[in-house]
Amino acid sequence: MGTTLLTACVPAVWGTTYLVTTELLPPDRPLLASLVRALPAGLILLLVGRELPRGIWWWRALVLGVLNIGAFFYLLFVAAYHLPGGVAALVGAVQPVFVLLLSAAVLGSRIRLLQVLACLLGLGGVALLVLRSDAALDAVGVSAGLLGAACMGAGVVFTKRWGRPDGVGLLTFTGWQLTAGGLVLLPVALLDEGLPDTVSASNLLGFGYLSIVGALIAYVVWFRGISRLPALTVSFLSLVSPLAATVLGWLVAGEDLSLPQLAGAAVIVAAVALAQPRPSRPATTTAPRRTEETTTADSVASLGGDIR
């Protein structure tokens, strides 16, 4: 439970990204925000660990960095720019479904009825929480949202499947992925958006928060959770992100919370609870029945021992 609660803090922090982006960062530069969020944090962790991947882990770190960081960040922002926030959050909430299917294919996990029910509850809860009646759909945005959810889901499953190489710490492992994801984003961000002409103090504050809190600390805790919890359990914790964003909008921006939104929040909590691992009951063993001959033999042996 302690690991679950700590890991759930990560999507709660990610739920603050929209507010920080709109209030502190330069406008219309999502790729730059993704790049600054990933690459500096990765380089800091590489300097701390002072260890590079070896052998097979060169391409594994690249794959995980693209799935968990580079491609996911890019697709997330494309969805956010083409869809209303509620629709984007709802599309992203299909991530547990991808993880459920990929876990069965890659990890050999069994698909249980309770897990399917938790997926449906999660989608319903997010819909109640963030979906508006005037929500509009966009093919590009929906496609990007689904691909982003699939990337993050695959990243969770393959991080669980491959684990970490022997002797490599969690900080170094996280640094590999953040650096790989940031390097993939670097040419795209520079060619498509370029650098801003000026950077204000509030911009630096926002970039620092996203890089240190939203990436460096958050992903270290996130990958720790993946190593200790089932992949499906971790994916359900991502539903905390729209919940945190809604609560933050109520606290900071003065947005109202309706009764359906409160019901959606309760349903999300129920879905996350259903997805938690259940402790297995220890197998009970029946002690062999002691026969009269065994009892007699034991008594004789005990008597012999006393005599000796």
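This one's a predicted model, so the numbers in the text were calculated from it and none came from an experiment.

A.B. asks: How should the packing of helix α7 (residues 113–130) against helix α12 (residues 240–251) be read in this particular structure?
C.D. replies: In a packed pair of helices, the relevant descriptors are the angle between the two axes and the axis-to-axis distance. Running from N to C, α7 and α12 cross one another at 20°; their axes reach a closest spacing of 10 Å. In terms of their interaxial angle, α7 and α12 are classed as roughly parallel. In terms of crossing hand, the pair formed by α7 and α12 is left-handed. Where α7 abuts α12, its residues Val126, Leu129 and Val130 lie against Pro242, Leu243 and Thr246.

A.B. asks: Explain helix α10 (residues 201–228) to me, please; I cannot follow it from the model alone.
C.D. replies: Along an α-helix, a turn takes 3.6 residues, which lines up residues three or four apart on a common side. With 28 residues, α10 ought to run about 40 Å at 1.5 Å a step, and its terminal C-alpha atoms sit 39 Å apart, in line with that. At Ala218, α10 shows its strongest bend, of approximately 35°.

A.B. asks: Help me understand a nonpolar patch on the surface in this model?
C.D. replies: Taken together, the side chains of Val97, Leu101, Ile111, Leu113, Val116 and Leu120 make up a nonpolar region of the molecular surface, amounting to roughly 560 Å² of accessible area. Put simply, the parts of the chain that give the nonpolar patch at least two residues each are α6 (95–107) and α7. Of all the elements, α7 adds the most residues to the nonpolar patch, at three residues. Inspection of the secondary structure puts Val97 in helix α6.

A.B. asks: How should I be thinking about the layout of surface pockets in this particular structure?
C.D. replies: Think of a ball as big as a water molecule: rolled over the atoms, this probe shows where empty space is left. Put simply, the second largest pocket is a space of about 380 Å³. In this structure, the second largest pocket is lined by 18 residues; those nearest its centre are Arg110, Arg112, Gln115, Pro230 and Leu232. Of all the secondary structure elements, the ones that give two or more residues to the lining of the second largest pocket are α6, α7 and α11 (231–237). In terms of residue class, the lining of the second largest pocket is made up of 10 nonpolar, five polar and three charged.

A.B. asks: Is there a simple way to think about the packing of helix α4 (residues 57–82) against helix α9 (residues 170–192) in this case?
C.D. replies: In contact at an axis separation of 7 Å, α4 and α9 are set at 60° when each is read in the N-to-C sense. Comparing the axis directions of α4 and α9 gives the class oblique. Regarding α4 and α9, the two cross each other, and that crossing is right-handed. The segment α4 lies against α9, with Trp57, Ala61, Leu62, Leu64, Gly65, Val66, Asn68, Ile69, Gly70, Phe73 and Tyr74 engaging Phe173, Trp176, Gln177, Leu178, Ala180, Gly181, Val184 and Leu185. A breakdown of the residues in the contact of α4 with α9 according to their chemical character gives 14 nonpolar, five polar and no charged.

Quick notes on the rules
Per chain, residue numbering runs from 1 following the sequence as it is written. Under the rules for a predicted model, residues below a pLDDT of 70 receive no local features and side-chain atom pairs below 80 are neither given nor counted, while totals for whole chains, interfaces and linings still include all residues. Derived side-chain values reflect all non-hydrogen atoms in the structure, with water molecules and hydrogen atoms excluded from consideration. Axes here mean lines fitted to C-alpha atoms, for a helix over just the part in contact, with angles spanning 0 to 180 degrees between N-to-C directions. Runs of H or I in DSSP of at least four residues are treated as helices and runs of E of at least two as strands, each being numbered from the N terminus. By the definition adopted for this analysis, an angle is roughly parallel if under 35 degrees, roughly antiparallel if over 145, roughly perpendicular if from 65 to 115, and oblique otherwise. Crossings are classed by handedness, with left-handed meaning an anticlockwise turn of the near helix from the far one by less than a right angle and right-handed meaning a clockwise turn. In what follows, residue pairs with any heavy atoms lying within 4.5 Å of each other are defined as contacts. Multiply 1.5 Å by the residue count of a helix minus one, and that product is the helix's expected span. Fitting axes to the seven residues ending at a residue and to the seven starting there, one defines the bend at that residue as the angle between these axes. Patch membership requires more than 30% relative accessible area and the absence of a salt bridge. Residues of like charge join within 9 Å; the nonpolar side chains Val, Leu, Ile, Met, Phe, Trp and Tyr join within 5 Å. Each accessible area is a Shrake-Rupley estimate made with a 1.4 Å probe; only the visible protein chains count as cover when residues are assessed. When a carboxyl oxygen of Asp or Glu is within 4 Å of a side-chain nitrogen of Lys or Arg, the pair counts as a salt bridge. We place a 1 Å grid over just the protein atoms. Points where a 1.4 Å probe fits but has no way out form a cavity, open points with protein on both sides within 12 Å along at least 5 of 7 lines form a pocket, and any residue with an atom within 4 Å of a point lines it. Grid points are joined across faces, edges and corners, and a volume is the space filled by probe spheres set on the points. Note on residue classes: Ala, Val, Leu, Ile, Met, Phe, Trp, Tyr, Cys and Pro are nonpolar, Asp, Glu, Lys and Arg are charged, and everything else, Gly too, is polar.

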